[in-house]
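Architecture and fold: a report
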Amino acid sequence: MTARLRHRLGEARLRPSRADGGLWRVDVSVTVRGRWLLRPVVAVALAVAGGRVRQGFRSAGERAAEGWDGQIGELLALDPEELRAELVKQSAERPPR
């Protein structure tokens, strides 16, 4: 399974796979579009700040996973009737995206 995010300035592809110890690994590939003059500037900036960009992606993924784990843990603790009530409540509170 691959998730693809598109923007007029580029595209990102995310490919999750299972890792050891019940963890997941997500490979991210980013393609940036732009004018020919900006390409060398962006290439140098990414070469210099690539580690920070990767760390930012990693920490955002870890925060998302923690939030997911917390929400799923709370939902799994509910019995079927409580889960149904929670789903009705959530669907009434938030419009679909």
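Residues numbered from 1 in each chain as written. Predicted model: local features only at pLDDT ≥ 70, side-chain atom pairs only at ≥ 80, totals over all residues. Heavy atoms only, no water.

Some remarks on the overall build of the protein chain
The test is simple: Going along the chain from the N terminus, every DSSP run of H or I of four or more residues is numbered as a helix, and every run of E of two or more is numbered as a strand. In this setup the radius of gyration rests on C-alpha atoms only. A globule is expected at 2.2 Å times the number of residues raised to 0.38. Burial classes follow relative accessibility: with a 1.4 Å probe on protein chains only, a residue under 20% of its type's maximum area counts as buried, one over 50% as exposed, and anything between as partly exposed. Contacts are assigned to residue pairs with any non-hydrogen atoms lying within 4.5 Å of each other.
Within the protein chain, the secondary structure is distributed over two helices and three strands. Reading the protein chain from its N end, one meets helices and strands in the order β-β-β-α-α. Compactness check: the protein chain gives a C-alpha radius of gyration of 19 Å against a globular reference of 13 Å for 97 residues, more than 25% above the reference. The C-alpha extent of the protein chain, read off along each of the three principal axes, is 60 × 35 × 25 Å. Counting only residues that meet the buried cut, the protein chain has 4% of its 97 residues in that class. The long-range share in the protein chain, meaning contacts at least 24 apart out of those at least 6 apart in sequence, stands at 8%.

Let's talk about a nonpolar patch on the surface
What counts here: Nonpolar side chains (Val, Leu, Ile, Met, Phe, Trp, Tyr) are joined into patches within 5 Å and like charges within 9 Å, using only residues with over 30% relative accessible area and no salt bridge. Computed by Shrake-Rupley with a 1.4 Å probe, the accessible areas treat only the displayed protein chains as cover when residues are assessed. Any Lys or Arg side-chain nitrogen located within 4 Å of an Asp or Glu carboxyl oxygen qualifies as a salt bridge.
There is a patch of nonpolar side chains on the surface, built from Val26, Val28, Val30, Val32, Leu38, Val42, Leu46, Val53 and Phe57 and spanning about 740 Å² of accessible area. Of all the secondary structure elements, the ones that give two or more residues to the nonpolar patch are β3 (24-32) and α1 (38-76). Here the nonpolar patch takes five residues from α1, the largest share from any one element. Examined against the element boundaries, leucine 38 turns out to sit in helix α1.

Thoughts on the confidence of the model for the protein chain
Quick reminder of the rule: The pLDDT value expresses, per residue, how confident the predictor is, ranging between 0 and 100.
Of the residues in the protein chain, 96% reach a pLDDT of 70 or more, and the chain-wide mean stands at 84. Within the protein chain, β3 has the poorest average pLDDT of any element, 84, and strand β1 (residues 3-7) the best, 89.

A short note on the sheet that holds β3
Formally: For two strands to be treated as a pair, DSSP must find at least two bridges joining them. All axes are obtained by fitting lines to C-alpha atoms, using only the stretch in contact for helices, and the reported angles, taken between N-to-C directions, cover 0 to 180 degrees.
Read across the sheet, three strands follow the order β1-β2-β3 without closing on themselves; strand pairing throughout is antiparallel. Every interior strand has two partners, whereas the edge strands, β1 and β3, have only one. Taken over all neighbouring pairs, the strand axes of this sheet differ in orientation by 15 degrees on average, direction set aside.

As for α1
Our working rule: Expected span, for any helix, means 1.5 Å times one less than how many residues it has. A residue's bend is the angle separating two fitted axes: one through the seven residues that end there, the other through the seven that start there.
For α1, with 39 residues, the first-to-last C-alpha span of 49 Å runs short of the 57 Å given by 1.5 Å per residue. The sharpest bend along α1 measures roughly 70 degrees and falls at alanine 49.

Considerations on the pattern of salt bridges
Under the counting rule described, the total for this entry stands at six salt bridges. Salt-bridge contacts for arginine 6 lead to glutamate 11; the nearest nitrogen and oxygen are separated by 3.3 Å. The exposed category is assigned to arginine 6, whose relative accessible area is 62%. The salt bridge partner of arginine 13 is glutamate 11, with a shortest N-O separation of 3.0 Å. Taken together, the shared-partner salt bridges connect Arg4, Arg6, Glu11 and Arg13 into one network.

A closer look at the pairing of β3
Across nine bridges, the pairing between strand β2 (residues 10-18) and β3 is antiparallel. The residue of β3 that forms the bridge with alanine 12 is valine 30. Hairpin geometry of β2 and β3 is characterised by an intervening segment of five residues between the two adjacent antiparallel strands and by a positive phi of about 75 degrees at glycine 21.

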